Each structure stands twice: as structure tokens, then as C-alpha cells.
Amino acid sequence: MVKRVVVGLVVGVAVVVVASVGVVVAQDVRIGTIFPVTGNMAFGGNEGFMGTEIAREIVNERGGIWGGKKIVFVQADAPDQTAATNEMNRLISRENVKLVVGSFSSAIAFTASQVAERNKVIFWENHGVADTIARRGFRYLFKTNVNATGTGGGSAVFAAGYLAKALNIAPKDLKVAVAWEDGTYGASVGKAAFEKAKELGLNVVANEGYSAKSADLSPLILKLKGLNPDVLLVAGIGQDAVLFWSQARKLDFNAKAVVATSGGWGVPDFAKNLGDGANGVFSSDFPTEVNPEALTPHARELAREFVKRFQAKKGTRPTGNAWLAFAGSMVLFEEVLPKAGSLDPEKIRDAAFSLDLPNGSMANGCGVKFIPHDQFDGGKNERAFAIVGQWQDGVMKVVGPDKLAAAKPILVPLPKWSDRK
Amino acid sequence: MIFVELVLAGLMLGGVYALISIGLTLIFGVLRVVNFAHGEMLMLGMFAAYWASTLGGLPPYVTAVAALPLFALFGWLVYRLIVRRTLGMGDVVQIFATVGVGVVLQNAALVLWTGDFRTIRSGYADAVLRVGGIQVSVPLLVAFAVAIGVSGLLFLFLNRTLEGRAVRAVAQDPISALALAIDTDRVYMRTFVLGVCCVGLAGVLLAPSYPIFPAIGLSFGLVSYVVVVLGGLGSMAGALLGGFVIGLIEVLSGYFLGTALKQAIYFLIFVLVLLVRPQGLFGQRGAETMGFGKIA
């Protein structure tokens, strides 16, 4: 008898616990995330996720949304485009997710947003820069960051403006080589750099694509060495950037200046792996820790909190990619969702389009105003911009535009490798 | 001048490819198992060199020797636990088993060491030899020399020692070898271990020259299969020559026809070789289905 009562009690308690957990789960706000957290883009995918996760933590700790509901993530891992399609299908049909945040990579963003669009699910992209992502007339896509035209084109603008002057070479005589990895990211950014350089009348001597999966880049480096450009504009996505620059050193390829377009050239691993060799490399990049004076008080506080939490988690300062993830996710969690009041895609769209936040409102210094979906670049944040950074003593310092700059450019022209020892 | 530089770069790259391919071709030649975890084993070798250098301050050339027992132990474990059970079980079983090992290794590396890419930061990693305006990377030169040295030693081992003759006998006809009281299981095990040691060594020697990250095996793995098939499955000389051919083609086509095309060009040549000479440059016809007339 006693045994029966005990068993009955245990079962009863278990039922109550399960039921109450069920109730809690039902009240949570479930949002999908898709990042390449394994595979060869994992270095960036994990940082992207970490930025997104910190945004979630902050919002949840400060009371959640919609009167105390907590945001929970349903995570998906997409190391490549095939996985992106499969995982998006899983998130939407099995997990019944109505909103997905991603994705670090242009290629993943391109594919994943396609599945979202087909299913009328909102795809909130904070990273992918390829122009093509927001040029398919999609109705459920929002892109909070700058385009390839901004980062790639920005590299050519910097070469034609600041560098031509500093090197004392007329823009039309400035020999420029453009090199890009031939994936969705690099091809898009490289094209933007090439076209802008042509438009600005620079003397473009090379426009070379290469595979980021190449184990070796010596043919490319030797070709560039033969052409002897004054300025190299380069779009690399990951470890190919480290390989490129370390092989440039070994094969003695010297340019007077290098302007990268973020990607693999802008991440801390680049400086960590190349040591002094990284110094002097410019990057037309995503805004990171901009001058705090340029931020609103709330954005300034968020930026400080983000740096603190990121450092606690990873032990390094956040990269441009992590900043994009955090700043873009905060806009979604703090501005869009509270206004939308539910995960209904139409309400999220209305809430997103109603935003009109001046520059300095996002933690990375950008503002928010989404271009209507029926216009060119529809769904893209028109107030996202690129900055110019430079590796100085292992740190990417913001050197332009002037009002955001935290340092002055150094090492123009770059010393030859043989003079660097 | 630029042509000399290109040929040198091609030969250095070819040496790298050859070094990676030796272990693969050895294992295939004897066990007739295509080791799809080969690239990931290379990655482990690179990480071994990285950690030995970062934590212990050991240069890769010390690690190359010191880590050999570890690679041997690892090879033995993989053989005993997985490969041995797949012998004679059909291609699909072997392919999935070794692909599975590769996936496990890559993801274990991701969990342990994250997806960050790393390089060995030391003077010797950037050391270059300058001869009349031409630069050659010293670590690549070493890898090149070791590739030739290792294939030479393996050739001697297989042709001049009793143990080597047993390996060749098993490769030619395992049933007859068994009838001659050769312990085929032991030969398979030793060959597999030797193959894993070769690729581990390759990883250690390449660590100063390339970024190290869990997915690096994919970049090198694919090309090593091309090299091995081009040279002839199971042939040491073929792996060496195949490596140089692919290295030179990659560099020269990359320079003259465009970097984006370089892989297309060597895969085109690969397809042509398969059509015209399916056994590869040094392989014997039918090598993939029956015993070899000769290995090494």
C-alpha cells in the first residue's frame, strides 16, 4: 500500500513537472538560427552564432519580449549550401519555425533565404554581403548589413582617393590588381571592386578569381608578382587569406598597398597567424568598435556590454562578423519583434519597415532603414555602411571615414618583404 | 626568369602532393582499401606539429620523428577497430567506413580545437633560400627532399627486405601468400600503420607552410586521389611522378590560363588519363580488382 502511494506520488509529480515544462516551452519565442558551425567556415559561423546568442542572452536577462517571454533558439548547422537547404526545410517543416536568423556566409544566406521565401518564413540575414542576395525580389528577406558594393567598391574608392594621393601616383597611372575567391562572397565583392576601379579610371592590370579551397596559391601569387601592381584589392573568405599573404611573403610579392574586403583578411586569426606580416594591410570592412561618440547612449551601452560578454566567452575582442551578428540581432529582438507583437511574418515585415533609426543607433554605428521589397535591393538596410580599417600592431584599427576613425593610416607604402626583418 | 620560378614552384608543390600520396597509394596497393580518411589523417599530423611547436616549442623536424610512434599507434587502432573488419567486404562498406572515420576525425578536431585556422609562427616557417633573385621556401624544400627520400626508402624496403617481399606477395595474391605461411593479417596491419605514418609525417612537414584547420584535409585529400590514380594505384614511383605532374600542371596552367581554371585543367587531364590509360602511368591494368604484378 505504502509502495503504491509512493509510486502514485512520483508519477503525479512527474506529470505535473512535464506539464509545466510543456507550458513553459509553449510560451517561449522560438527562433531558428542557421550558421556553418562545422566545416571549413566554422571559424566564422561560430562567431556569428556567438554574436547572435549574446543578443539573445541580453534581451532575455532584461525581461524578454512580449511581457516576459523568453527567446529560445532552434539551431541548425549548415557547413555548405546543400546542408543549408536541408536544415532550412527541417527548421520550417519539422520545427515549425517562422523566423530564421543567419548565417555568416553569402552562399549559405543565398540558399537558405530561398527556402524561407518559398515557405513565407522571414529570413533575417546579418552577414552575407553578396549583392545578389537581396536582388531576387524576395518578400520575406531582411539584410541588416552592407553589400558587396559597399565593401568591394569601398576598397577601390579608398585606392583612388587616399592611396593614390599618399603614394603620389595619379589615379589613371595607379596599377591595380584585383584578386577574389570564386565563391558567392568573393565573386560578388571582387566584381564590385573591379567595376568601381574601372569606373574611377584606375589602371586595372589583373582581375583574377581563385578557389578558396585551393591548397596552394603560388600560381596566382607569381602571376601578380609578374604584373607588379601598385595596389592589390583582394577578397578572401577564410584561411585562403592567410595562405595568400604567407605565400606572398615566401615568393616575395610586394605591392605598395593592399586593400582587402574583410572576409578572411579582417578576422583576428589573420593577424594572429601572420604576426608582423599583417601590419599595414587595409580592409574595407564591417564596422566594429567605432568611436563611441558616434553612438547613441543606448547603442554605446550595448556595445560595451557586447565586448565584455564576447571576451568572457571567447577570450578575444569581437570581430566584424560578430559585431554584425550582435548589432543586427539586437535590432530584431529589441525593435522589430516588440513592435510586431507576434511571429506572424506579415507583422514582422510591417514592424521592420516602420523602423527609421539614425546612424549610431546600432551597436556597430549603423542606422536602420529597410528598402521596400518592391524596390531595387529590397529588404536591405540602406543605412548599413563599410569602414576602412588597417592592421596596426595586430589590431584592426578604424582609419576611415574620418568621423569614425580611431587611428591614422601607417606603412604607406608597405615596406618590401626583404626589408621587413 | 619567371618561367624558372614557375617550374620551381610547380616542383615544390608536386613534392608536397607526392609526399601526401605515398601513404595512400601504399595502403591501396596492399589492402585495396581506398582510405577516404587520408586527408583528415594529414590534418592530425599538421595539428601534432602545431601543438608540439606552440606548447612545447618543438620544431616540426623534431616532431616528425618524435610523433611517429603516436601515428603508428593511431594507425594500429584504426586498423584493428575499423579497417580490418571491412577487408574483403565490398567497396561500399570500405568507402563508408573510411569516409566515416574521416568525418569523425574532422568533427573531433572541430570540437577540440575549433574551426580557427592556425599557423606555426617561427623563423623557419618563413625561411627562404635566395639564389640570384629566385626564392624557394626552405620548409617546402625539406618536404620535397623527404618525399623523394621516403619513396626511395619504401622502394628499398619492398624490394630488398624479407618483410617487404612478404608485403608484395600479399599484394600480388593474398591466398597464395597465406598458403606460403605469410601472416596476411599482420602484413595488412603493418602496411596500414606504415601508410598512416607516411601521411602523419607529411602533415608534420607541411605544417610550417600551410594554414592548419580541421577541414584542411579536404583541400589536400582530393588532389592526392588524383595523384594516386594518375600515377597508378599502388605505385610508389607513380605517386612521386604523379605529384610532380599535377604540381607543374597546376602552377603553369594557373599562370598562363588563369587561376580559376587550374583545377579544371588537372581534372581534365585526369579524365583523359583514365580514358586512355586507366591503370595510370605506372599501374598495372586491372590493379583495382585483382593482385598487382608488382608494387613499388
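Residues numbered from 1 in each chain as written. Chains lettered and ligands numbered in written order. Predicted model: local features only at pLDDT ≥ 70, side-chain atom pairs only at ≥ 80, totals over all residues. Heavy atoms only, no water.

(A) Structural detail: the overall build of chain B. On a plain count of helices and strands, chain B comes out with twelve helices and two strands. For 296 residues, the compact-globule formula gives about 19 Å, and the C-alpha radius of gyration of chain B, at 19 Å, lands near that figure. In terms of its C-alpha atoms, chain B occupies a principal-axis envelope of roughly 60 × 45 × 35 Å. Put simply, of all contacts in chain B between residues at least 6 apart along the chain, 78% involve residues at least 24 apart. Side chains of chain B carry 16 positive and 11 negative charges; the gap between the two charge centres is 6 Å. (Helix = DSSP H or I, 4+ residues; strand = E, 2+ residues; numbered from the N terminus. Rg over C-alpha atoms; globule rule 2.2 N^0.38 Å. Contact = heavy atoms within 4.5 Å. Lys, Arg positive; Asp, Glu negative; His and termini not counted. Charge placed at Lys NZ, Arg CZ, Asp CG, Glu CD.)

(B) Structural view of the overall build of chain A. What chain A contains, in helices and strands, is twelve helices and twelve strands. Radius of gyration (C-alpha) of chain A: 23 Å, near the 22 Å computed for a compact globule of 421 residues. Considered along the principal axes of its C-alpha atoms, chain A spans approximately 90 × 45 × 40 Å. Buried residues in chain A amount to 60% of all 421 residues. When contacts within chain A are restricted to residue pairs at least 6 apart in sequence, those whose partners lie at least 24 apart make up 68%. (Buried < 20%, exposed > 50% of the residue type's maximum accessible area, 1.4 Å probe, protein only.)

(C) Looking closely at a nonpolar patch on the surface. All names here are of chain B. Together, Val 92, Ile 95, Phe 96, Val 99 and Val 103 make up a nonpolar patch on the protein surface, roughly 450 Å² of accessible area in all. Within the element layout of this structure, Phe 96 appears in helix α5 (residues 91-113). You can call Phe 96 exposed: its relative accessible area is 61%. (Patch = residues over 30% accessible without salt bridge, like charges linked within 9 Å, V, L, I, M, F, W, Y side chains within 5 Å. Areas by Shrake-Rupley, 256 points an atom, 1.4 Å probe, with all protein chains shown as cover. Salt bridge = Lys/Arg side-chain N within 4 Å of Asp/Glu carboxyl O.)

(D) Broad picture of the packing of helix α6 (residues 138-160) of chain B against helix α11 (residues 236-257) of chain B. All names here are of chain B. Where α6 meets α11, the axes come as close as 9 Å, and the angle between the chain directions of the two elements is 160°. Considered as vectors, α6 and α11 are oriented roughly antiparallel to each other. Considering how the two elements wind past one another, α6 and α11 form a crossing that is left-handed. Contact with α6, carried on its side by Phe 144, Ala 147, Ile 148, Ser 151, Leu 154 and Leu 158, involves Met 236, Leu 240 and Phe 244 of α11 and no other residues of that element. Here the residues of the contact of α6 with α11 are counted per class, giving eight nonpolar, one polar and no charged. (Axes fitted to C-alpha atoms, helices over the stretch in contact; angles between N-to-C directions. Parallel < 35°, antiparallel > 145°, perpendicular 65-115°, else oblique. Left-handed = near helix turned anticlockwise from the far one by under 90°. Nonpolar A, V, L, I, M, F, W, Y, C, P; charged D, E, K, R; others polar.)

(E) Structural context of the sheet that holds strand β4 (residues 122-125) of chain A. Residues and elements named next belong to chain A. Spatial strand order, β2-β1-β3-β4-β5: five strands in an open sheet with parallel pairing. Among the strands making up the open sheet, the edge pair consists of β2 (71-77) and β5 (141-143). Ignoring strand direction, the axes of neighbouring strands in this sheet form an average angle of 25°. Sheet strands in contact with helix α12 (residues 345-353) are β3 (99-102), β4 and β5, and its direction is about 40° off that of β4. (Pairing = 2+ DSSP bridges.)

(F) Looking closely at the interface of chain A and chain B. Every contact between the two is made by 38 residues of chain A and, on the other side, 38 residues of chain B. Taken over both partners, the interface formed by chain A and chain B buries close to 3200 Å², and the fraction arising from carbon and sulfur atoms is 56%. Joining chain A to chain B, the criterion identifies one salt bridge. Salt-bridge contacts for Glu 5 of chain B lead to Lys 225 of chain A; the nearest nitrogen and oxygen are separated by 2.8 Å. At the surface where chain A touches chain B, the tally comes to four residue pairs in polar contact (both at pLDDT 80 or more). Looking at the side of chain A that touches chain B, the elements with two or more residues in it are α2 (42-61), β7 (203-210), α7 (218-227), α8 (239-250) and α9 (268-274) of chain A. (Buried area = accessible area lost by both parts, 1.4 Å probe. Polar contact = N/O pair within 3.5 Å; in protein donor to acceptor, adjacent residues only side chain to side chain.)

(G) The arrangement of the domain arrangement of chain A in detail. Residues and elements named next belong to chain A. Each assigned domain of chain A is listed with its residue range as follows: domain 1 (28-146 + 298-353) and domain 2 (149-285 + 387-419). Of the residues lining the interface, 13 residues belong to domain 1; the matching set on domain 2 comes to 13 residues. Here domain 1 meets domain 2 over a buried area of about 1100 Å², counting both sides, of which 63% is carbon and sulfur. In terms of surface lost to domain 2, no three residues of domain 1 exceed Phe 43, Val 129 and Asp 131, which account for 35% of the buried area on that side. Between the two partners, domain 1 and domain 2, sit zero salt bridges. (Domains from an automatic or database assignment.)

(H) Examining α6 of chain B more closely. Residue and element names in this part refer to chain B. The terminal C-alpha atoms of α6, which comprises 23 residues, lie 32 Å apart, in line with the 33 Å expected from a rise of 1.5 Å per residue. Within the span of α6, buried status applies to Pro 139, Leu 140, Ala 143, Ala 147, Val 150, Ser 151, Leu 154, Leu 158 and Asn 159. Against the buried residues of α6 lie α1 (2-31), α3 (60-66), β2 (134-137), α7 (162-172), α9 (184-206) and α11. (Expected span 1.5 Å × (residues − 1).)

(I) Structural detail: the side chain of Asp 131 of chain A. Residue and element names in this part refer to chain A. Of note, Asp 131 is situated in the loop between β4 and β5. Within polar-contact distance, the side chain of Asp 131 engages the side chain of Asn 147 at 3.0 Å. Those residues in contact with Asp 131 that sit more than four places away from it in its chain are Asn 147, Ala 148, Thr 149, Ser 188 and Asp 377.

(J) Here's a closer look at the pairing of strand β12 (residues 395-400) of chain A. Residues and elements named next belong to chain A. Two strands pair when backbone bridges link them, and strand β11 (residues 387-392) and β12 are joined in this way by five bridges, in the antiparallel orientation. The residue bridging Val 388 from the neighbouring strand is Gly 400, located in β12. In this antiparallel pair of consecutive strands, β11 and β12, the connection spans two residues, and Asp 393 shows a positive phi of 50°.

(K) Structural context of the pattern of salt bridges. Overall, the coordinates contain 26 salt bridges over all chains when judged by the stated rule. The salt bridge partner of Lys 191 of chain A is Glu 195 of chain A, with a shortest N-O separation of 3.9 Å. Pair noted here: Lys 191 of chain A and Glu 195 of chain A are both in helix α6 (residues 184-199), with a separation of four residues, about one helical turn. Note on Glu 195 of chain A: relative accessible area 43%, which makes it partly exposed. Here Arg 84 of chain B makes a salt bridge to Asp 185 of chain B, at a shortest N to O gap of 3.0 Å. One end of the pair, Arg 84 of chain B, is in helix α4 (residues 68-86); the other, Asp 185 of chain B, is in helix α9, and 101 residues separate them in sequence. Arg 84 of chain B sits in the partly exposed class, given a relative accessible area of 36%. Sharing partners across several salt bridges, the network here consists of Glu 57, Glu 61, Glu 305, Lys 308, Arg 309 and Lys 313 of chain A.

(L) Quick look at the confidence of the model for chain B. All names here are of chain B. With 95% of its residues at a pLDDT of 70 or more, chain B has an overall mean of 85. Ignoring residues within four places in sequence, the model shows residues 288-296, a span with pLDDT below 50, making 28 contacts including any to other chains. The ipTM, which scores confidence in the relative placement of chains, is 0.74 for this predicted complex, and the corresponding pTM is 0.76. (pLDDT = per-residue confidence, 0-100.)

(M) Just the nonpolar core, in detail. Phe 244 and Trp 245 of chain A are the most contacted members of the largest nonpolar core, which totals 229 residues. Among the domains, domain 1 (28-146 + 298-353) and domain 2 (149-285 + 387-419) of chain A are the pair contributing at least three residues each to this core. (Core = buried A, V, L, I, M, F, W, Y, C linked by side-chain atoms within 4.5 Å.)

(N) Layout of the side chain of Thr 86 of chain B. Relative to the helices and strands, Thr 86 of chain B is located in helix α4. Not counting the four nearest positions on each side in its chain, Thr 86 of chain B is found in contact with Val 93, Gln 94 and Ala 97 of chain B.

(O) Structural detail: the packing of helix α2 (residues 38-56) of chain B against helix α10 (residues 216-231) of chain B. All names here are of chain B. Close contact between α2 and α10 brings their axes to 8 Å; oriented N to C, the two are set at 130°. Judged by the inter-axis angle, α2 sits oblique to α10. Judged by the sense of rotation from one axis to the other, the crossing of α2 with α10 is right-handed. Seen from α2, the contacting residues are His 38, Gly 39, Glu 40, Leu 42, Met 43 and Met 46; seen from α10, they are Ile 216, Gly 217, Leu 218, Phe 220, Gly 221, Ser 224 and Tyr 225. Looking at the contact of α2 with α10 residue by residue, the classes come out as seven nonpolar, five polar and one charged.

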